[in-house]
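# Examination of the molecular architecture
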Amino acid sequence: MTIDLDNLAQEMAGWRRDLHAHPEFGFEEARTSAFVAGKLREFGLDEVVTGVGRTGVVGTLKRGGGNRAIALRADMDALRIPEQGEAPYRSRNPGVMHACGHDGHTAMLLGAAKLLAAEGGFYGTVRFLFQPAEEWGRGALAMLDDGLLERFPFAEIYGLHNAPGLAVGRFETRAGAIMSAEDNFEIVLRGVGGHAARPHVGRETLVAACALVMSLQSIVSRRLSPAEIAVVSVTELITDGTRNALPGEARIRGDARSFSPQVSADIEEQMRAIADGIARAYAVEPSVTYTREFVPLLNDPALTEEALGAARALLGAENVSVVSEPFTGSEDFARFLDHVPGCFAFLGNGDSAPLHNPRYDFDDAGLIHGARFHAGIVRRRLPAA
Ligand SMILES: [Zn+2]
Ligand SMILES: [Zn+2]
């Protein structure tokens with residue numbers, strides 16, 4: 001059965017607006033995952049499993065007897081941002097909104113499922129992954145920890161994100177690093193607080209913390225290769241001092257971005273060495289906590305060529321480009337690519353407000369391109385004949 005694409009586009013816009021009106025925060029996507037599972041069952045998928053990684057959903061569609069499987073992934077979560085838009089379908093959930101377009105990503109993957117279930121045109125297995133909690137950087141790991149790869153094996157994975165500022169119908173990606181790692185750090189310096197008039201009898205921590213903040217700036221400028229891209233940002237300095245009392249404790253927090261696991265490891269090592277050295281110089285005790293919230297997103301070169309080829313066939317070569325530089329934003333899709341090769345790409349969202357802005361909205365005109373890309377890469381990678 002052939003699906004009428006205009007009807008599908010309208011139907012997807014209806015789903016998208018429904019999801020937009022009912023946004024849910026990460027791991028709270030109860031209504032959204034029920035909506036997704038209901039649609040997948042209605043399309044006649046072979047298997048629909050809910051509760052994968054708490055609120056995740058996995059749909060499976062098989063055609064022919066081949067045992068090759070590829071996965072398509074969408075994210076379902078919204079953000080704790082009060083919406084300022086005036087659309088009739090604006091958020092009915094106070095303080096929460098779809099400010100990153102995950103409502104659109106979910107709707108277009110549902111559209112692809114409907115298209116592929118009705119039309120086939122491939123030979124093998126497609127896994128439709130609807131992941132929770134992308135914004136936290138926790139949902140992909142939750143699905144992986146829940147046995148995703150053992151229970152629903154696949155050999156390749158593809159994902160899309162909308163891109164404000166890129167015209168609707170345009171497609172961009174690149175091989176290798178495309179989104180950064182996000183590491184968080186906290187350094188606590190402990191000394192002995194005391195009277196502001198008598199610093200020499202205590203071991204106050206504020207001057208040491210200021211020296212440490214300045215020295216951390218040398219990691220990127222003096223310690224990493226100039227050919228690497230990285231950012232180390234100190235965002236908070238908190239002490240327990242008051243106007244006439246020197247602090248006995250100072251806490252520095254911040255965020256580091258990079259594009260390779262080695263650079264992330266180097267930043268941590270340098271940070272620990274600098275914190276130790278400064279602490280020794282000022283006779284205070286350091287403690288460093290360094291965590292990896294998002295890993296860098298590294299696209300497989302061969303499968304990126306396949307994704308570009310599928311996009312050119314659908315959108316025309318003039319609407320498909322290879323971006324020259326990676327972005328310093330982060331994406332939870334990277335966790336899947338730690339295990340299985342694949343490609344993450346951007347699809348134009350036109351002249352919308354930026355992502356995570358209270359006036360952002362997904363452009364429904366992009367839905368059909370997303371659904372057709374998902375179906376196109378399946379048919380290219382799992383050819384029917
Ligand atoms: Zn986001
Ligand atoms: Zn997003």
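Up top you'll find the structure we're talking about.
The present account deals with the structure reproduced in this document. (Residues numbered from 1 in each chain as written. Chains lettered and ligands numbered in written order. Predicted model: local features only at pLDDT ≥ 70, side-chain atom pairs only at ≥ 80, totals over all residues. Heavy atoms only, no water.)

Within the protein, Cys100 (SG), Glu135 (OE), Glu135 (OE) and His356 (NE2) serve as the donor atoms for the zinc ion (ligand 1), at 2.0 to 2.6 Å. Around the zinc ion (ligand 1), the 4 donor atoms sit at angles spanning 55 to 152 degrees, and that spread fits a shape best called irregular. Between consecutive donor residues of the zinc ion (ligand 1), the sequence gaps follow C-x34-E-x220-H. (Donors = N, O, S within 2.8 Å, 3.2 Å for Na, K, Ca; no water. Tetrahedral: all angles 85-135°; square planar, octahedral: opposite > 155°, others 65-115°.)

Tallied over the entire structure, the rule returns 26 salt bridges. One salt bridge in this structure joins Asp364 and Arg16, with 2.7 Å as the shortest N-O distance. Remark: Arg16 occurs in helix α1 (residues 5–21) and Asp364 occurs in the loop between β16 (342–348) and α10 (367–381); sequence separation between them is 348 residues. Per residue, the accessibility class of Asp364 equals that of Arg16, and both read buried. Across the pair Arg73 and Glu331 runs a salt bridge, and its minimum N-O distance is 3.1 Å. Note that Arg73 is positioned in strand β3 (residues 69–75) and Glu331 in the loop between β15 (320–322) and α9 (334–337), a separation of 258 residues in sequence. (Salt bridge = Lys/Arg side-chain N within 4 Å of Asp/Glu carboxyl O. Helix = DSSP H or I, 4+ residues; strand = E, 2+ residues; numbered from the N terminus. Buried < 20%, exposed > 50% of the residue type's maximum accessible area, 1.4 Å probe, protein only.)

To continue, consider the packing of α1 against helix α3 (residues 102–119). It is the contact of α1 with α3, at a shortest axis distance of 9 Å, that shows an interaxial angle of 145 degrees. In this structure, α1 crosses over α3, and the sense of that crossing is right-handed. Across the interface between the two elements, Leu5, Leu8, Glu11, Met12, Trp15, Arg16, Leu19 and His20 of α1 pack against Asp103, Gly104, Thr106, Ala107, Met108, Leu110, Gly111, Lys114 and Leu115 of α3. Looking at the contact of α1 with α3, its residues break down into 9 nonpolar, 4 polar and 4 charged. (Axes fitted to C-alpha atoms, helices over the stretch in contact; angles between N-to-C directions. Left-handed = near helix turned anticlockwise from the far one by under 90°. Contact = heavy atoms within 4.5 Å. Nonpolar A, V, L, I, M, F, W, Y, C, P; charged D, E, K, R; others polar.)

Right, let's get into the sheet that holds strand β2 (residues 56–63). The strand order β1-β2-β4-β3-β5-β16-β6-β15 describes an open sheet built from 8 strands, whose pairing is mixed. Edge positions in the open sheet fall to β1 (47–52) and β15, since each of these has one partner strand only. Averaged over all adjacent pairs, the angle separating strand axes in this sheet is 20 degrees, with direction ignored. Inspection of the sheet shows strand β6 (residues 171–173) paired to β16 by 2 bridges, in the antiparallel sense. Residue pairing for β16: Glu172 is matched across the bridge by Phe346. (Pairing = 2+ DSSP bridges.)

Attention now goes to the pairing of strand β4 (residues 124–131). Among the 8 residues in β4, 8 count as buried, and that is most of the element. Pairing analysis gives 7 bridges linking β3 to β4, with the strands arranged parallel. Residue pairing across strands places Ala69 opposite Thr125, the latter belonging to β4. Between the parallel elements β3 and β4, the chain passes through α3 in a crossover that is right-handed. (Right-handed = clockwise from strand over helix to strand, strands pointing away.)

Along any regular strand, the residues point their side chains to alternate faces of the sheet. The pairing of β1 with β2 spans 5 bridges and is antiparallel. For Val48, the partnering residue across the bridge sits in β2 and is Gly59. Hairpin connection between β1 and β2: a loop of 3 residues separates the two successive antiparallel strands, and Gly53 in this loop has a positive phi of roughly 70 degrees.

All right, on to α1 then. The periodicity of an α-helix, 3.6 residues per turn, causes residues three or four places apart in sequence to face the same way. Spanning 17 residues, α1 covers 24 Å between terminal C-alpha atoms, matching the ideal 24 Å at 1.5 Å per step. Here α1 has its buried residues at Leu8, Met12, Ala13, Trp15, Arg16, Leu19, His20 and Ala21. Contacts made by the buried residues of α1 are with α2 (30–43), α3 and α10. Backbone nitrogen of Asp6 and a side-chain oxygen of the N-cap are separated by 3.0 Å at the start of α1; the cap is Asp4. (Expected span 1.5 Å × (residues − 1). Polar contact = N/O pair within 3.5 Å; in protein donor to acceptor, adjacent residues only side chain to side chain.)

A separate point is the sheet that holds strand β13 (residues 285–294). On the basis of which strands lie adjacent, the open sheet formed by 4 strands has the order β10-β12-β8-β13 and antiparallel pairing. The sheet terminates laterally at β10 (230–239) and β13, the two strands that pair on one side only. Strand-to-strand twist of the sheet, defined as the mean angle between neighbouring strand axes without regard to direction, takes the value 15 degrees. Here strand β8 (residues 181–190) runs beside β13; their pairing, made up of 9 bridges, is antiparallel. Residue pairing in the sheet places Phe185 in a bridge with Tyr290 of β13. Helix α6 (residues 206–223) contacts β8, β10 and β12 (249–258) of the sheet and is inclined by roughly 170 degrees relative to β10. Each of β8, β10, β12 and β13 is contacted by helix α7 (residues 261–282), which is oriented at about 165 degrees to β13, the strand it contacts most.

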